[in-house]
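Examination of the molecular architecture
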Amino acid sequence: MSKEITSRSVDFSKWYNDIVVKAGLAEHSSVRGCMVIKPYGFAIWEKMKSILDARFKATGHVNAAFPLLIPKSFLSKEAAHVEGFAKECAVVTHYRLKNAEDGSGVIVDPDAKLEEELIIRPTSETIIWNTYKNWIRSYRDLPLLINQWANVMRWEMRTRLFLRTSEFFWQEGHTAHATKQEAIDETEMILKEYANFMENYIGVPVIKGVKTESERFAGADNTYTTEGLMQDGKALQMGTSHFLGQNFAKAFDVKFQTKEGGLEHVWATSWGVSTRLMGALVMAHSDDKGLVVPPKLAPIQVVIVPILGKKMNAKLDLLQAAVDNIKGQLDGVSVKYDGDDTKRAGFKFAEYEMKGIPLRIAIGPRDLDNGTVEIARRDTQTKDTYSIDNVGDTVRQLLEEIQNSLYQKALDFRKSHTTKVDTFDEFKEVLNGKGGFVYAHWDGTAETEAAIKEATKATIRCIPLDNEQEEGVCVFSGKPSKQRVLFAKAY
RNA sequence: CGGGGUGUAGCGCAGUCCGGUUAGCGCACCUGUUUUGGGAACAGGGGGUCGCAGGUUCGAAUCCUGCCACCCCGACCA
């Protein structure tokens with residue numbers, strides 16, 4: 001057994017790391033804080049991308065690409081923005097290397113110092129709004145609905161594969177609108193798209209809500225979020241959508257002429273999801289045998305493994321016919337046939353379980369005699385024998401069942417890990433016990449929020465949208481409160 | 001940036017305290033034979049600047065000095 005995975009119950013972090021590495025999703029690179037996303041991991045990310053990209057386009061957005069490097073001065077134009085990001089920016093100071101005179105290798109050429117340093121984008125609002133200034137003149141240029149798929153860099157102190165790396169991949173939408181309401185509508189529309197994707201594709205139920213001021217994106221008037229719950233009872237912010245007000249329009253002086261001839265600053269949004277979603281996928285569904293990939297995101301949905309050997313050697317023609325038969329019935333399903341005769345079937349079973357392939361079809365000599373196949377579900381680890389004649393229908397139905405069942409399981413988990421509390425003792429007890437989401441009354445002040453974080457490490461994940469209004473008192477300060485907010489320990 | 005730990009074959013490790021054959025083990029890899037319905041067995045084989053740089057010594061993976069890298073735990077964050 002060369003590929004043992006640390007059990008979730010022993011060490012959740014180690015378990016997570018083991019899955020990511022051993023399922024072939026990603027590994028640490030030689031660059032501190034940066035990972036290599038391996039082909040299998042990237043294939044899943046590509047599926048996420050193509051689904052999201054289609055939705056962005058269906059809702060009127062187009063893709064573009066803006067520079068990786070941003071003049072340092074741009075960042076400082078929006079006060080809150082610079083405050084939020086300055087501490088984690090990588091800075092380019094020179095544009096040339098040269099050989100050291102003592103032959104010790106290559107060094108930075110001190111004569112090639114940049115007049116203005118460039119930062120590697122931690123996010124692109126500034127370079128984009130600097131550009132939008134030139135693109136927007138009239139109300140007829142609006143709305144401007146642009147997305148970019150890009151990598152960004154934030155110099156993190158501590159990193160974890162997919163969940164927090166210095167460089168990460170994401171999409172960032174940046175839109176400009178003529179009215180405040182239109183920008184808010186855009187922000188909320190995207191949030192719904194995100195939630196839909198997370199629930200129906202990744203299979204993770206999410207709470208939609210708005211962030212408190214202290215958790216808000218640097219430069220936003222309002223930040224909307226989708227919060228998922230992982231198997232260890234910690235929350236993961238899976239996507240955010242920001243209403244930027246006129247902050248960037250004012251900082252970069254982006255005005256448009258109205259129909260009536262007036263001159264006004266435009267209203268903005270930005271929104272993004274990142275490769276962090278890969279982490280959510282892992283932590284929501286996987287088990288001690290490895291990764292579990294929801295069928296809709298699986299690069300390979302079905303793997304066919306023949307049971308090779310002496311008995312099978314006499315029936316290779318029949319095997320080929322059976323494989324062709326199965327593949328013929330699975331048009332539109334992603335199928336891999338693994339006829340590698342240097343590895344044994346048992347080895348392959350374990351390997352594909354590690355990689356989370358939703359369905360495995362095994363065909364042995366007995367199956368060929370009986371006109372059957374054995375189909376194993378990755379999620380439930382159950383095996384059953386089915387007739388080969390309608391394997392297409394069977395597979396399609398099972399894939400759908402798996403997709404639904406993963407979501408349902410995650411939903412059940414969330415239900416059993418969501419607690420309403422009315423006292424601070426209860427609050428601490430739940431967080432130190434089973435964890436999960438905690439709904440509690442909060443007096444609405446940043447001081448209380450900070451004090452609770454200090455005392456429990458839990459933060460306000462969001463104030464849920466359409467939140468039930470209910471009179472109560474803050475669990476911490478005892479001051480009056482009109483609603484419960486969502487607390488959790490978070491990634 | 002603080003605390004802890006680790007650097008020896010692709011991966012995981014032993015050896016380091018107490019210096020001394022040709023640096024060893026498991027997995028992986030290559031060749032062959034027998035196998036093949038849940039990670040095959042046997043036989044043979046290839047693969048090493050012992051993190052880097054100095055120093056001590058007849059002799060250094062091992063002792064000394066300096067440096068570097070990475071991982072884990074905290075503070076910051078999607």
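Keep in mind the model is a prediction, meaning the values are calculated, not measured.

What counts, and where the lines are drawn
- Position numbers for residues start from 1 in each chain and track the written sequence from start to end.
- Throughout, the order in which chains and ligands are written sets their labels, letters from A for the former and numbers from 1 for the latter.
- Totals for whole chains, interfaces and linings use every residue, but because this is a predicted model, local features are given only for residues with pLDDT of at least 70 and side-chain atom pairs only at 80 or more, for both listing and counting.
- As a rule here, side-chain values come from all non-hydrogen atoms in the structure, and water together with hydrogens is ignored.
- Only strands that DSSP links by at least two bridges are regarded as paired with each other.
- Counting from the N terminus, the helices are DSSP H or I runs at least four residues long and the strands are E runs at least two residues long.
- Each axis is a line fitted through C-alpha atoms, and for a helix only the stretch in contact is used; angles between axes span 0 to 180 degrees, taken between their N-to-C directions.
- In these notes, residues near a molecule or strand are those with any non-hydrogen atom within 4 Å of it.
- Within 3.5 Å is the distance limit for a polar contact, defined as a pair of N or O atoms, with the added protein rule that one can donate a hydrogen and the other accept it, and that residues adjacent in sequence qualify only through two side-chain atoms.
- Classes in brief: Ala, Val, Leu, Ile, Met, Phe, Trp, Tyr, Cys and Pro nonpolar; Asp, Glu, Lys and Arg charged; the others, Gly included, polar.
- Relative accessibility thresholds used throughout: buried, under 20% of the residue-type maximum; exposed, over 50%; partly exposed, between the two (1.4 Å probe, protein chains only).
- Whether two residues are in contact is decided by their heavy atoms: any pair within 4.5 Å suffices.

**Structural notes on the sheet that holds strand S5 (residues 91-94)**
Reading across the sheet, the 3 strands line up as S4-S8-S5 and stay open at both edges, with antiparallel pairing between neighbours. The strands lining the two open edges of the sheet, one partner per strand, are strand S4 (69-71) and S5. Taking the axes of each pair of neighbouring strands and ignoring which way they run, one obtains an average angle of 40° across the sheet. For S4 and strand S8 (residues 113-120), the ladder comprises 3 bridges, and the chain directions are antiparallel. Within the sheet, the bridge partner assigned to Leu69 lies in S8 and is Ile120.

**Examining the protein's contact with RNA strand B**
Within the structure, RNA strand B sits among 37 residues, and Arg158, Arg164, Arg276, Leu308 and Arg366 are positioned closest to it. Between RNA strand B and Leu308, the relevant distance is 2.2 Å, taken from a sugar or linking oxygen to a main-chain nitrogen or oxygen of the residue. Arg344 places a side-chain nitrogen or oxygen 3.0 Å from a sugar or linking oxygen of RNA strand B. Among the secondary structure elements, those contributing two or more residues to the surface near RNA strand B are helix H11 (345-354) and helix H12 (365-370). Its residues assigned to classes, the surface near RNA strand B shows 11 nonpolar, 9 polar and 17 charged.

**Quick look at H11**
Ala345, Lys348, Phe349, Tyr352, Glu353 and Met354 are the residues of H11 that are buried. Turning to H11, the residues buried within the fold contact helix H1 (12-22), strand S17 (302-306), strand S18 (335-337) and strand S19 (359-363). Once H11 finishes, Gly356 follows within two positions and takes phi at roughly 75°, a positive value.

**Thoughts on the side chain of Gln171**
For Gln171, the location among the structural elements is in strand S10 (residues 167-177). The exposure class assigned to Gln171 is buried, which follows from its relative accessible area of 0%. Reaching out from Gln171, the side chain makes a polar contact with the side chain of Asn147 at a distance of 2.8 Å. A distance of 2.8 Å separates a polar atom in the side chain of Gln171 from the backbone nitrogen of Val273. Non-local contacts of Gln171, meaning those with residues more than four positions away in its chain, are made with Phe56, Asn147, Gln148, Trp149, Tyr194, Trp271, Gly272 and Val273.

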